[in-house]
Amino acid sequence: MKNQEPQSTAEKRLQEITALCKDRGFIFQSSEIYGGLKSSYDYGPLGVELKRNIMTSWWTEMVYSREDVVGLDAAIIMHPRVWEASGHRSSFSDPLVDCKLCKERFRADKAPKLSPGTPAIIRFEDKGRAKIAAEEIVKEYHVEIKRDDKEITGTTVGSCGYVCPNCGSPFLSAERQFNLMFRTFLGPVDPLTEVAQAIEKGQLQGLTGQDLRKKLEQIVDNATVYLRPETAQAMFVQFQNIQRSMSMKVPFGIAQMGKSFRNEITVKSFIFRSCEFEQMEMEFFCKPGTEDQWMEYWKDARIKWWRRYANEPNNFRFREHEKRELAFYAKACVDVEYLFPWGWDELEGIASRTNYDLQKHSEFSGKKLEYLDPETNEKFVPYVIEPAAGATRGVLAYINDALMEDEIPDAKGVPQKRTVLRLHPALAPIKVAVLPLLRKEGMPEKGRELAQMFWDAGIKTRYDETHAIGRRYRRHDEIGTPYCLTIDAQTMQDNTVTIRDRDTTKQDRISIHEAVAVVRERIGKKL
């Protein structure tokens, strides 16, 4: 039996997160009883609460706490011309490359860049796989190489100027375009019926390759629509309606949260990159010439928001985009990155997009999307600052930030390891657990009375009477419940309960009648 390679720290950490999410009802593989669907996940009872709390906090910060931003909830399916104007329909595709050694499929624009002709070092995690690859290189490419354990040297970078991001191989397929938008059809007539009719009439006879594809595209084009790949475009399309109906004065913003869909080439790292995901985006329209000031404002505001709920605020940082990374119309762009188990990666992008989007939609729709300043009578097309955050990535970031192990003494004072999810109370799926010490002597009834007080107050609460009290404490530590209220014998005498803090495990005694106010106060202090 071969010795298995040790797991990397990143793989082990992701497995811990994935296991916790499944075991404790945060996130499940979609359609799991049918074998699952790649890159598709369902948010369970706790996961949906965590995601909703993150999104509610974002909405409160971006919309409710200021007067210059309003909301929008736009349709997922929009007119196809929207995606022509935005460039998605013609260019929202990635150059796709296959590694001929490890079979990894990746985006060419994200591959490690190296100068053509420089040495390429190929590495595999498994010695056996490295041996097979070395033999393949010699047989198929007739290159003299040297293999040292898991590492292969002697090859050089090809004219494309990049190598496989997985193994470092320069032996790659040609680039192919891969459409990232999901296509569907709208209307009562099935386009396949029209295709069948075209075949019967001989309209496709003699056509092959691109000519055949072009003809088929023409047949189905009238019924073709797309699932939106981002939420941003609706905010540009509805700019004028919102500005006029709400009498908004520039500068002002339009915010939207919702699902987007991308036919991702590479899905990886649990929920980090998936085909269906939720975004939290805002388009902030400002007068040309003020965009740099607003860019700095929103950079500062956004990273403060992410750090506010973190145990390790320094695990959030900025990364400025280099000029070669910018879209041709963008003036500047910066990512808010988080230190995920595999390294720093994007959590939110903040872009200075100039007035490109509004101009393109004006061009394609024939409608002028301008703003008339009521004070100066000046007409202009506003510039835009766009903070665009990933809600699903935020779930993964905050779970990783919160999931810890520590030691606490048991009833005999012996240190015991525990798993604890130190989520910020504002994000925690369950704020309070009500635990009767015994399932008798009137404790369950008293516990349900207390739980009802919290439910009436709109505070997410779990009544839990299953298993020993210590085991229940550990269960709620593991799902991030900040406070546990325990009903015991003394409760039945003086109407007081113990309140246990998740992070410190310290217990205080409080009156049942004050319980809701005490919990609200403690949660409020941490905001």
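All values derive from a computational prediction rather than experimental measurement. (Residues numbered from 1 in each chain as written. Predicted model: local features only at pLDDT ≥ 70, side-chain atom pairs only at ≥ 80, totals over all residues. Heavy atoms only, no water.)

The next thing to look at is the packing of aromatic side chains. Using the criterion set out here, one finds 25 aromatic pairs in the structure. A ring pair is formed by phenylalanine 236 and phenylalanine 285, whose centres lie 6.3 Å apart and whose planes are at 85 degrees; its orientation type is edge-to-face. Of this pair, phenylalanine 236 sits in helix 8 (residues 232-237) while phenylalanine 285 sits in strand 13 (residues 276-286); the two residues are 49 residues apart in sequence, bridging distant segments of the chain. Judged by its relative accessible area of 0%, phenylalanine 236 is buried. Pairing tryptophan 306 with phenylalanine 316 gives two aromatic rings, centres 6.2 Å apart and planes at 20 degrees, and the pair type is stacked. Here phenylalanine 316 lies in strand 14 (residues 316-320) and tryptophan 306 lies in helix 10 (residues 291-308), a separation of 10 residues in the sequence. The pair formed by tryptophan 306 and phenylalanine 316 is uniform in burial state, with each residue classed as buried. (Phe/Tyr/Trp six-rings, centres within 6.5 Å; stacked < 30°, edge-to-face > 60°. Helix = DSSP H or I, 4+ residues; strand = E, 2+ residues; numbered from the N terminus. Buried < 20%, exposed > 50% of the residue type's maximum accessible area, 1.4 Å probe, protein only.)

Running from N to C, helix 2 (residues 45-64) and helix 10 point in directions that differ by 145 degrees, and their axes come no closer than 12 Å. In this structure, the crossing between helix 2 and helix 10 has a hand that is right-handed. Where helix 2 abuts helix 10, its residues Ile54, Ser57, Trp58, Glu61 and Met62 lie against Trp298, Arg302, Trp305 and Arg308. Of the residues belonging to the contact of helix 2 with helix 10, the class tally is five nonpolar, one polar and three charged. (Axes fitted to C-alpha atoms, helices over the stretch in contact; angles between N-to-C directions. Left-handed = near helix turned anticlockwise from the far one by under 90°. Contact = heavy atoms within 4.5 Å. Nonpolar A, V, L, I, M, F, W, Y, C, P; charged D, E, K, R; others polar.)

To continue, consider the sheet that holds strand 6 (residues 119-123). Read from one edge of the open sheet, three strands run 6-8-7, paired in antiparallel fashion. Single-partner strands in this sheet number two, and they are strand 6 and strand 7 (146-148). Pairwise comparison of adjacent strand axes, ignoring direction, gives a mean angle of 25 degrees for this sheet. Bridge count for strand 6 against strand 8 (residues 151-156) is four bridges, and the pairing is antiparallel. When the sheet's bridge partners are listed, proline 119 is paired in strand 8 with threonine 156. (Pairing = 2+ DSSP bridges.)

Once that is clear, we can look at a nonpolar patch on the surface. Side chains of Ile76, Ile77 and Leu186 sit close together on the surface and give an oily, nonpolar patch of about 250 Å² of accessible area. Its place among the elements puts isoleucine 77 in the loop between strand 3 (69-71) and helix 3 (80-86). (Patch = residues over 30% accessible without salt bridge, like charges linked within 9 Å, V, L, I, M, F, W, Y side chains within 5 Å. Areas by Shrake-Rupley, 256 points an atom, 1.4 Å probe, with all protein chains shown as cover. Salt bridge = Lys/Arg side-chain N within 4 Å of Asp/Glu carboxyl O.)

As for its position among the elements, lysine 431 is in the loop between strand 21 (415-421) and strand 22 (432-436). One buried charged side chain, lysine 431, makes no salt bridge at all; its nearest oppositely charged neighbour is glutamate 49, positioned 7.5 Å away. A distance of 2.9 Å separates a polar atom in the side chain of lysine 431 from the backbone oxygen of alanine 428. Apart from the residues lying within four places of it in its own chain, the contact partners of lysine 431 are Asn53, Pro425, Ala426, Ile459, Lys460, Thr481, Pro482, Tyr483 and Ile523. (Lys, Arg positive; Asp, Glu negative; His and termini not counted. Polar contact = N/O pair within 3.5 Å; in protein donor to acceptor, adjacent residues only side chain to side chain.)

Let us look at helix 5 (residues 127-141). Between its terminal C-alpha atoms helix 5 stretches 21 Å, which fits the 21 Å expected from 15 residues at 1.5 Å a residue. Packed against the buried residues of helix 5 are strand 6, strand 7 and strand 8. Of the residues one or two after helix 5, histidine 142 is the one with positive phi, at around 55 degrees. (Expected span 1.5 Å × (residues − 1).)

A word on the sheet that holds strand 23 (residues 461-463). In spatial order, the strands read 23-22-24-25-26; together these five strands make up an open sheet with mixed pairing. Taken across any chain shown, the strands that pair with only one partner, and hence form the sheet edges, are strand 23 and strand 26 (507-511). Here the strands of the sheet are splayed against their neighbours by 25 degrees on average, with no regard to which way each runs. Lying over the sheet, helix 13 (residues 443-456) contacts strand 22, strand 23, strand 24 (483-487) and strand 25 (496-501), oriented at roughly 165 degrees with respect to strand 23. Contacting strand 22, strand 23, strand 24, strand 25 and strand 26, helix 14 (residues 469-479) crosses the sheet at an angle of about 170 degrees to strand 22.

Attention shifts here to the nonpolar core. Phe26, Met280, Trp306, Tyr398 and Ile399 are the most contacted members of the largest nonpolar core, which has 54 residues in total. For this core, the secondary-structure elements that each account for two or more residues are helix 1 (9-23), helix 2, strand 13, helix 10, strand 15 (332-340), strand 16 (343-354), strand 19 (383-390) and helix 12 (391-402). If you tally residues by element for this core, the top one is helix 2, at eight residues. If sequence neighbours within four positions are ignored, tryptophan 306 has contacts with Met280, Phe316, Val336, Leu347, Glu348, Ala389, Gly390, Gly394 and Tyr398. Core analysis: the next-biggest nonpolar cluster, separate from the first, contains 25 residues, Ala74, Phe236, Phe380 and Val381 among them. (Core = buried A, V, L, I, M, F, W, Y, C linked by side-chain atoms within 4.5 Å.)

Further remarks concern the confidence of the model for the protein chain. Across the protein chain, the average pLDDT comes to 92, with 97% of residues at 70 or higher. Taken together, the stretch residues 1-5 has pLDDT below 50 and engages in four contacts with residues farther than four places along the chain or on a different chain. (pLDDT = per-residue confidence, 0-100.)

This paragraph deals with the environment of glutamate 348. With respect to the element layout, glutamate 348 can be found in strand 16. Residues glutamate 348 and glutamine 416 lie 68 residues apart in sequence; the distance between their C-alpha atoms is 38 Å. The residues contacting glutamate 348, other than those within four sequence positions of it, are Arg302, Trp306, Val334, Asp335, Val336, Pro387, Ala388 and Ala389. A polar side-chain atom of glutamate 348 sits 2.8 Å from a polar atom in the side chain of arginine 302.

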